[in-house]
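Each chain is listed here by its residues.
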Amino acid sequence: MSSDVAVDSRERARGLLLGAAVGDALGAPFEGAVRVDERLLASAENVTGQLSYTDDTALTLVLAEHLAERRGGEDALDPDALAREFADAWAAEPWRGYGSAAQEIFRLICTGMDWRTVASASFGGQGSFGNGAAMRVAPVALVADDLADAARLARRSAVLTHAHADGEAGAALQGCAAYLALHSSPGEPLDRAAIREELRGAGIEEHWLAKLDIIAEFDPETEPERAAQLLGHGVAALESVPTALAAFLINPDSPAEVIRWAIRAGGDTDTIACMAGALAGARNGADAFPDSWIQRLEHADLLTECADRLA
Ligand code: F2R
Ligand code: MG
Ligand code: MG
């Protein structure tokens, strides 16, 4: 895919971070709902007052700040420092709605334990396959040299908390998808078969690519409830990262619709809309979201400032 000159890199970086946050905030009230009625969503969108984000954005911002701080240095990511920064963010705001194992991992890191020990001990030694590493990973696309680098950075940021192979692979898929969205041109169709091959080349595992085969059959008329039946909408990375990618691929040039479709898929709505919003924003820029959303978004100024440092 070629880079588009009409949406500059600063707009795209802002779009990636603000899109993630606004998707998270709009989706949060519906997290756990099996079905999300279109009219209920429309009325929630129009409620006045702040749009508050959750753990998804809190950790996305930590990763974005970490990458911005280290930009131009020898290594974009310092795993030990980043693990501590994630844990500090949880300790400062534990009420953001974190996953149960994630909270315990952060608590133990705060006591001085090594992330390698605590992440690999969770879930009886399986590690977490939750979507928590994927939900926060999109900023890696802003510093990655190429698609393989996006996958590598995503996996390195994931294993700090998600030692299960699917927790890590979900982050790799979302990091790669963000990279491809960032380097795509608004208005130009996205070739899903080509994307699948690029993802395969970046090391995305076969059982994840099988989800791309399901998405290949979707069209703009595909209802989000149907997509959720086929792809899932749960807290497991394998049941939510592909659903977010579907929301983006079905409607890549309409960021507001991407977020609405992602929320209407139900289930882990804040997280699916956060990941889908990051992709839509990376392609179309922050200005493509409704003003009324961005104006009401919690810490939009912080997110914008951080995006500008990364652009
Ligand atoms: N935690 C939530 N939402 C719950 C309630 C929030 C409520 N609104 C509130 O305000 O309190 N949302 C956030 O958590 C998800 C990301 O989770 P993460 O970071 O991956 O956490 P964790 O704990 O590692 O995994 C989450 C769940 O996945 C299941 N699971 C994971 N690995 C497993 C394994 N190996 N075996 C069995 N189950 C596994 C468990 O049910 C975990 O609790 C996002 O939705 C974010 O928004
Ligand atoms: Mg959340
Ligand atoms: Mg969630």
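From a predicted model like this one, the values you see are computed outputs, not experimental measurements. (Residues numbered from 1 in each chain as written. Chains lettered and ligands numbered in written order. Predicted model: local features only at pLDDT ≥ 70, side-chain atom pairs only at ≥ 80, totals over all residues. Heavy atoms only, no water.)

Caption draft 1: View of the overall build of the chain. Assigned secondary structure in the chain consists of 18 helices and 0 strands. For the chain, whose C-alpha radius of gyration is 17 Å, the value lies close to the compact-globule estimate of 19 Å for 311 residues. Projecting the C-alpha coordinates of the chain onto the three principal axes gives extents of approximately 50 × 40 × 35 Å. Looking at the chain alone, contacts between residues at least 24 apart form 77% of all its contacts between residues at least 6 apart. For the chain, the distance from the average position of its 25 positive side-chain charges to the average position of its 49 negative side-chain charges is 1 Å. (Helix = DSSP H or I, 4+ residues; strand = E, 2+ residues; numbered from the N terminus. Rg over C-alpha atoms; globule rule 2.2 N^0.38 Å. Contact = heavy atoms within 4.5 Å. Lys, Arg positive; Asp, Glu negative; His and termini not counted. Charge placed at Lys NZ, Arg CZ, Asp CG, Glu CD.)

Caption draft 2: Layout of the coordination of the magnesium ion (ligand 3). Surrounding the magnesium ion (ligand 3) are the protein donor atoms E31 (OE), D268 (OD), D270 (OD) and T271 (OG1), which sit 2.0 to 2.3 Å from the metal. For the magnesium ion (ligand 3), the 6 donor atoms in the first shell make angles of 77 to 179 degrees at the metal, so the coordination geometry reads as octahedral. The sequence motif formed by the donor residues of the magnesium ion (ligand 3) is E-x236-D-x1-D-T. A separation of 3.7 Å is found between the magnesium ion (ligand 3) and the magnesium ion (ligand 2), both of which receive a donor from D270. Pair check on accessibility: D268 and D270 agree, each one buried. (Donors = N, O, S within 2.8 Å, 3.2 Å for Na, K, Ca; no water. Tetrahedral: all angles 85-135°; square planar, octahedral: opposite > 155°, others 65-115°. Buried < 20%, exposed > 50% of the residue type's maximum accessible area, 1.4 Å probe, protein only.)

Caption draft 3: Spotlight on the coordination of the magnesium ion (ligand 2). The coordination sphere of the magnesium ion (ligand 2), as far as protein atoms go, consists of T54 (OG1), D55 (OD), D56 (OD) and D270 (OD), spread over 2.1 to 2.3 Å. Each donor residue of the magnesium ion (ligand 2) belongs to the same chain, and together they define the spacing T-D-D-x213-D.

Caption draft 4: Molecular detail of the packing of helix α15 (residues 255-264) against helix α16 (residues 269-284). The contact between α15 and α16 brings their axes to 8 Å, and the two run at 165 degrees. As judged from the angle between their axes, α15 and α16 are roughly antiparallel. Every pair of crossing elements has a handedness; the one defined by α15 and α16 is right-handed. Facing P255, V258, I259, A262 and I263 of α15, the residues of α16 in contact are T269, I272, A273, A276, G277, A280 and N284. In terms of residue class, the contact of α15 with α16 is built from 9 nonpolar, 3 polar and no charged. (Axes fitted to C-alpha atoms, helices over the stretch in contact; angles between N-to-C directions. Parallel < 35°, antiparallel > 145°, perpendicular 65-115°, else oblique. Left-handed = near helix turned anticlockwise from the far one by under 90°. Nonpolar A, V, L, I, M, F, W, Y, C, P; charged D, E, K, R; others polar.)

Caption draft 5: Highlighting the site of ligand 1. Around ligand 1, 23 residues are found, and the nearest of them are A101, Q126, S128, H162 and D268. One of the backbone N or O atoms of A102 is found 3.2 Å from an oxygen atom in ligand 1. Contacts to ligand 1 include G132, whose backbone N or O atom sits 2.9 Å from an oxygen atom. Notes on ligand 1: free accessible area 930 Å², of which the protein chains cover 68%. Those elements that place two or more of their residues in the shell around ligand 1 are α3 (55-70), α5 (100-110), α7 (132-135) and α16. Top contributing element to the shell around ligand 1 by residue count: α5, with 3 residues. A class-by-class count of the residues in the shell around ligand 1 yields 7 nonpolar, 11 polar and 5 charged. (Near = heavy atom within 4 Å. Polar contact = N/O pair within 3.5 Å; in protein donor to acceptor, adjacent residues only side chain to side chain. Areas by Shrake-Rupley, 256 points an atom, 1.4 Å probe, with all protein chains shown as cover.)

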